[in-house]
Amino acid sequence: MTYFDHASSTNMRERALEVLLESSKKDFANPTASHRAGRRLMQEIDLARESILELIGCSEEGHEVVFTGSTTEANNLALHHLKHALPDGARVYVSAADHPSLIKSAQGIFGPENTHFIPLRLGNVCFDSFFDTWDKNQVAVVALAAVNNSTGGMLDLNRLNQLCLERLCGGLNSNLKIHIDTAQCSGKIPLSIWNPSGLQFSSYGLSSHKMGGPKGVSALVIERSVKAFPMLFGGGHENNRRSSTLSTPLILSWKAAIEEAIVSCGEEFQHMGRLAKTFRDEIHLIEGASIFDTGDLFSPYILPTKLSGVSSDLIMRHLEERGMTVSSSAACSSKRPMANPVLSALGVPVSEHSFYLRISPGRDHTQADIKLLVKNLADIYAKLKSMG
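The structure displayed is predicted, hence computed values, not measured ones.

Visitor: Honestly, the overall build of the protein in this entry has me stumped. Any pointers?
Guide: Helix and strand counts for the protein come out as 12 helices and 14 strands. The C-alpha atoms of the protein give a radius of gyration of 21 Å, which matches the 21 Å a tight globule of 388 residues would have. In terms of principal-axis extent, the alpha carbons of the protein reach across some 70 × 55 × 35 Å. Within the protein, contacts between residues at least 6 apart in sequence are counted, and of these 76% link residues at least 24 apart.

Pasting the structure below:
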């Protein structure tokens, strides 16, 4: 089976898998215990925190790492903390095209009446339109994904930096708290690409299993100045931000994946760019096929492809019969057979929603894999169109 759904979850890096197995055998002590075995594991876990901060360009002085079970939990925990750091009635701004863990957590934590949507243009957040209506004295939270999980569109954080310098009287993170979900970019896209200005945000959500680590562990990175306000009450773990015993094997395995990604991310990103170019060049040769246009800023890991007139579910099933796996939508919402909320937010007519596939290659794919995929897509598409 040739797998093209790496935006949903990707294969573990070899060293991460080795560490997971090794640590599962020997690192069974509770890392918060006061005995030597526990202290040793906590020292290893703290080194993993340092690796995470390095990955996203933050310092230990300004931010702390809180381990969570998923990026969905990290996003919820971030907004929960940021809400309680602000006055009552504070607003939160999100993109209607983003992951449900940002939109629904904003609505659930801040309330629907305080949740507002930032304008979109070419599939990406339009920061200019947002700041055109910005009240300089307003205190609010903005929660966005650095890379959209459905379209691959990337935030223009350079433009955000310029506008913050021009328009914010209190400065970034003073009267505007920003949370960034990095699930589709950390460990996959070099920091110099997705955050070229080196902005330091209020908080970040990270994913392990989307960058070659194990499932079951993720992280919230949050400014130390934001007061702890837990959602889970118990032993006061993670500086009283999240009470739960930490899973040492998962964390150390993720650390191994991060260390490899820090070294290889740039080369892998260039490789993925070449694969994406091949796919784009060849898919455009198929009459009726196109790729959603997100402008100049996009991730080569996500290729939203439309094959007009034929159900993407049908194409997906036929590809499976030929040993290829793609997605007909984002995995977190793929079991709801209705209008795609992301495509609706981007202005795509509902009548065209069922024509979209999300194709997301991985770091181990080759040019031959991409060409074979396009060949199969062209063949299946032609046969299904001819059947009416």
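Back to the write-up after that little detour.
Visitor: I would appreciate a short explanation of the sheet that holds strand β11 (residues 289-291) in the present structure.
Guide: Strand pairing within a sheet occurs via backbone hydrogen bonds; the two strands may be parallel or antiparallel. With antiparallel pairing, the 3 strands of this open sheet are ordered in space as β11-β12-β14. Either end of the sheet is taken by a strand with one partner, and the two such strands are β11 and β14 (356-359). This sheet shows a mean twist of 25 degrees between the axes of neighbouring strands, independent of strand direction. As paired elements, β11 and strand β12 (residues 303-307) share 3 bridges and run antiparallel to each other. Pairing of Ile291 across the sheet is with Thr305, part of β12. Along the sheet, helix α12 (residues 367-386) makes contact with β11, β12 and β14, crossing β14 at roughly 165 degrees.

Visitor: Would you take a moment to explain helix α9 (residues 248-283) for this structure?
Guide: Residues separated by three or four positions in an α-helix point in the same direction, a consequence of the helix having 3.6 residues per turn. Taking 1.5 Å of rise per residue, the 36 residues of α9 would be expected to cover 52 Å, yet its terminal C-alpha atoms sit only 44 Å apart, more than 12% below that figure. Considering bend angle alone, the principal kink of α9 is centred on Ser264 and spans about 60 degrees.

Visitor: Looking at this structure, I do not really get helix α4 (residues 100-110). What am I missing?
Guide: Buried within α4 are the following residues: Ser101, Leu102, Ile103, Ser105, Ala106, Ile109 and Phe110. The inward-facing, buried residues of α4 abut α3 (71-84), β3 (91-94), β4 (115-117), β7 (140-145) and β8 (176-181). A positive phi of about 95 degrees marks Gly111, the residue just after α4.

Visitor: For this particular structure, what's the right way to read the pattern of salt bridges?
Guide: Pairing is possible between side chains of opposite charge, provided their charged atoms come close. Taken as a whole, this structure holds 18 salt bridges when the rule is applied. The shortest N-O distance in the salt bridge between Lys26 and Asp27 comes to 3.3 Å. Put simply, Arg322 and Asp379 hold a salt bridge, and the shortest N to O gap is 2.7 Å. In this pair, Arg322 sits in the loop between α10 (312-321) and β13 (324-325) while Asp379 sits in helix α12, placing the two residues 57 residues apart along the sequence.

Visitor: Help me understand the packing of aromatic side chains in this model?
Guide: In this description, a pair of aromatic rings is defined by centroid distance and the angle of the planes. Applying the stated criterion across every chain yields a total of 7 aromatic pairs. Measuring from centroid to centroid gives 6.4 Å for Phe67 and Trp254, while their planes differ by 70 degrees, and the two rings are edge-to-face. With a gap of 187 residues between them, Phe67 in strand β2 (residues 63-68) and Trp254 in helix α9 connect regions that are remote in the sequence. Residue Trp254 is classed as buried on the basis of its relative accessible area of 1%. Summarising the aromatic geometry, the rings of Tyr93 and Phe130 are spaced 5.0 Å apart at their centres and angled 70 degrees between planes, so their arrangement reads as edge-to-face. On the criterion of sequence distance, the pair formed by Tyr93 in strand β3 and Phe130 in helix α5 (residues 127-132) is long-range, its members being 37 residues apart.

Visitor: Got a minute to help me understand the sheet that holds β3 in this structure?
Guide: Spatially, 7 strands are ordered β2-β10-β9-β8-β7-β3-β4 in an open sheet, and the strand pairing comes out mixed. The sheet terminates laterally at β2 and β4, the two strands that pair on one side only. The average undirected angle you get between the axes of adjacent strands in this sheet is 20 degrees. The sheet contact formed by β3 and β4 spans 3 bridges and is parallel. For Val92, the partnering residue across the bridge sits in β4 and is Thr115. Packed on one face of the sheet, α4 meets β3, β4, β7 and β8 and runs near 165 degrees to β3.

Visitor: Can you walk me through the nonpolar core in this structure?
Guide: A general tendency of soluble globular proteins is for nonpolar side chains to be buried together. Counting 82 residues, the largest nonpolar core has Phe67, Phe131, Trp194, Trp254, Phe279, Ile315 and Leu377 as its most contacted members. Of all the elements, α9 adds the most residues to this core, at 12 residues. When near neighbours in sequence (up to four residues on either side) are disregarded, Trp254 contacts Ile52, Phe67, Leu206, Ser207, Ser208, Met211, Pro214, Val217, Ser218 and Ala219. With 21 residues, the next largest nonpolar core counts Leu82, Ala106, Phe110 and Leu220 among its residues.

Visitor: Help me out: how do you make sense of unusual backbone geometry in this one?
Guide: Note on backbone geometry: most residues besides glycine have negative phi, and most peptide bonds are trans. In this model, Glu238 sits at a positive phi of 55 degrees, which is unusual for a non-glycine residue. With respect to the secondary-structure elements, Glu238 resides in helix α8 (residues 237-240).

Visitor: Where do I start with the environment of Gly347 in this structure?
Guide: Within the element layout of this structure, Gly347 appears in the loop between α11 (341-345) and β14. Looking at Gly347, the relative accessible area reads 58%, which means it is exposed. Through-space distance from the C-alpha of Gly347 to that of Ala228 is 39 Å; in sequence the pair is 119 residues apart.

Visitor: How should the side chain of Ser23 be read in this particular structure?
Guide: Positionally, Ser23 belongs in helix α1 (residues 14-26). On the basis of relative accessible area, Ser23 is assigned to the buried category, the value being 2%.

Rules behind the numbers
- Residues numbered from 1 in each chain as written.
- Predicted model: local features only at pLDDT ≥ 70, side-chain atom pairs only at ≥ 80, totals over all residues.
- Heavy atoms only, no water.
- Helix = DSSP H or I, 4+ residues; strand = E, 2+ residues; numbered from the N terminus.
- Rg over C-alpha atoms; globule rule 2.2 N^0.38 Å.
- Contact = heavy atoms within 4.5 Å.
- Pairing = 2+ DSSP bridges.
- Axes fitted to C-alpha atoms, helices over the stretch in contact; angles between N-to-C directions.
- Expected span 1.5 Å × (residues − 1).
- Bend = angle between axes of the 7 residues up to and from the residue.
- Buried < 20%, exposed > 50% of the residue type's maximum accessible area, 1.4 Å probe, protein only.
- Salt bridge = Lys/Arg side-chain N within 4 Å of Asp/Glu carboxyl O.
- Phe/Tyr/Trp six-rings, centres within 6.5 Å; stacked < 30°, edge-to-face > 60°.
- Core = buried A, V, L, I, M, F, W, Y, C linked by side-chain atoms within 4.5 Å.

Interpretation in functional terms is not warranted from these geometric data alone.
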